[in-house]
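What the coordinates show
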Amino acid sequence: MGPTGVAAIRQIAALPYRTDGTAIDAPVRVLLVTSRESKRWVIPKGNPMSGLSPHAAAAVEAEEEAGVEGLVCPTPIGSYRYRKRRNNGASLMVDVDVFPLAVNREFPAWKEQSERERRWFPLHEAADAVDEPDLRDLIRSFGPSGFKAATARAGMFSAVATKSRISPMFAWFQRLLPKTGNFFEMFEAHAVTINAAADAMARLLQDGSSAQDHIREVIEREHDADNIIREVLQTVRQTFLTPFDRGAITSLIGSMDDAIDEMQATVQAIDLYEVRSFEQEMKDMGAIIVDAARLTAEAMPLLRDVARNGGRLHELTERLVRMEAQADEIHTAGVKRAFKEHGESDTLRFIVAREIYKHLERIVDAFEDVANEIDGIVIDHS
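Quick notes on the rules
- Residues numbered from 1 in each chain as written.
- Predicted model: local features only at pLDDT ≥ 70, side-chain atom pairs only at ≥ 80, totals over all residues.
- Heavy atoms only, no water.
- Helix = DSSP H or I, 4+ residues; strand = E, 2+ residues; numbered from the N terminus.
- Buried < 20%, exposed > 50% of the residue type's maximum accessible area, 1.4 Å probe, protein only.
- Salt bridge = Lys/Arg side-chain N within 4 Å of Asp/Glu carboxyl O.
- Contact = heavy atoms within 4.5 Å.
- Phe/Tyr/Trp six-rings, centres within 6.5 Å; stacked < 30°, edge-to-face > 60°.
- Lys NZ or Arg CZ within 6 Å of the ring centre and 35° of its normal.

**What about unusual backbone geometry?**
Backbone geometry at lysine 39 places phi at a positive 65°, although glycine is not the residue there. Even without being glycine, glutamate 274 reaches a positive phi, approximately 55°. When you line up the elements, glutamate 274 lands in the loop between helix H9 (246-272) and helix H10 (280-302). Taking the relative accessible area as the measure of exposure, glutamate 274 reaches 62% and is therefore exposed.

**Observations concerning the pattern of salt bridges**
If you walk through the whole model with that rule in mind, you get 29 salt bridges. As a salt-bridge pair, arginine 319 and aspartate 291 come within 2.5 Å of each other at their nearest N and O atoms. Note that arginine 319 is positioned in helix H11 (residues 306-342) and aspartate 291 in helix H10, a separation of 28 residues in sequence. Among the residues examined, arginine 319 registers a relative accessible area of 6% and is labelled buried. We classify aspartate 291 as buried; its relative accessible area is 1%. When salt bridges that share partners are traced, they join Arg36, Glu65, Glu112, Glu115 and Arg116 into one network.

**Some details on the side chain of arginine 294**
Among the structural elements, arginine 294 can be located in helix H10. In this structure arginine 294 comes out as buried when scored by relative accessible area, which is 9%. Setting aside residues up to four positions removed in sequence, arginine 294 forms contacts with Tyr17, Ile77, Phe142, Asn195 and Arg319.

**Topic: the packing of aromatic side chains**
For the structure shown, the criterion picks out 5 aromatic pairs. Centroid distance phenylalanine 339 to phenylalanine 350: 5.4 Å. Interplanar angle 70°. Geometry classified as edge-to-face. Remark: phenylalanine 350 occurs in helix H12 (residues 347-381) and phenylalanine 339 occurs in helix H11; sequence separation between them is 11 residues. Here the basic side chain of arginine 18 rests over the ring of tryptophan 120, its NZ or CZ set 4.0 Å away from the ring centre. A cation over an aromatic ring shows up here: arginine 294 above the ring of phenylalanine 142, its NZ or CZ 3.8 Å from the ring centre.

Below you can see the structure in the form of structure tokens.
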């Protein structure tokens, strides 16, 4: 509400992003477009659309203004405010909710191509390119800078994400492990496997083609994660001095492993029942899972210095909890719609849809458990 009690005009926007390259630890880039009149750099935005949820409307704006398509997370990363000048001379305040969109398709031609330029920017350059201070802060906060720094130090995360066999990594672990254990590197390596599995599962939900490749990748990533958790549990038993309570270490890595286990269960159910088309609610839950995995990957390196990073860790876990609540609503809506459409006419199809929703919900629940474990560590050590 403004100072006079009048609510600001609300708009929706997409923040299209992708990694710069094929490695999972590649830097994040953001797609900006130019505005029609002033030609300054902005993100695709517009007014809410009748009959569409806010995040779905943001996806439409991204396709029309920037010519990109992908999974858009139903939970906004935040909002920013700007003044919009109208033809009558009025300059009115507008609040814009921003939804992250993981781009998986970029069209060579799009609706507003003749009116706008589009360009991919590194995160820091994208933040500098936009005029709105709140949007600048949102873009800067989007990037897991700690995660990128950690990957630069360790140099092993890309291998974890791109190979199904990671025994050389654990040989590296064994050589470096002091008696205090190398837990942070293992947390971060596990987070990378979760990111890779979430991306593969999202590609499957977005487009049922090449299903076997995506299913196989999720299963391979889960095997990678199993190797990592075994190493963590073995190291906990052998280590005298640990950075956190032993119970906190095993609970954190256990909740992370639950997430990827459920991803495997999801794709196995999809494979078993040969499902190749997915309802929008399933895609929305997949988008939440992608963003939850991204936030988890950002959180892991911050645990290296909990006292200094407690505030940011709390922001990340708070968002994970909000995303879980929204996923519950989407899950309920999806099951209800499946029952109305298929409950009587095609009972088997309804049962299959309900099982897939159940697994997707369990994935998000596991990420909420990750958030709770992180919060416990912050409380104990900040």
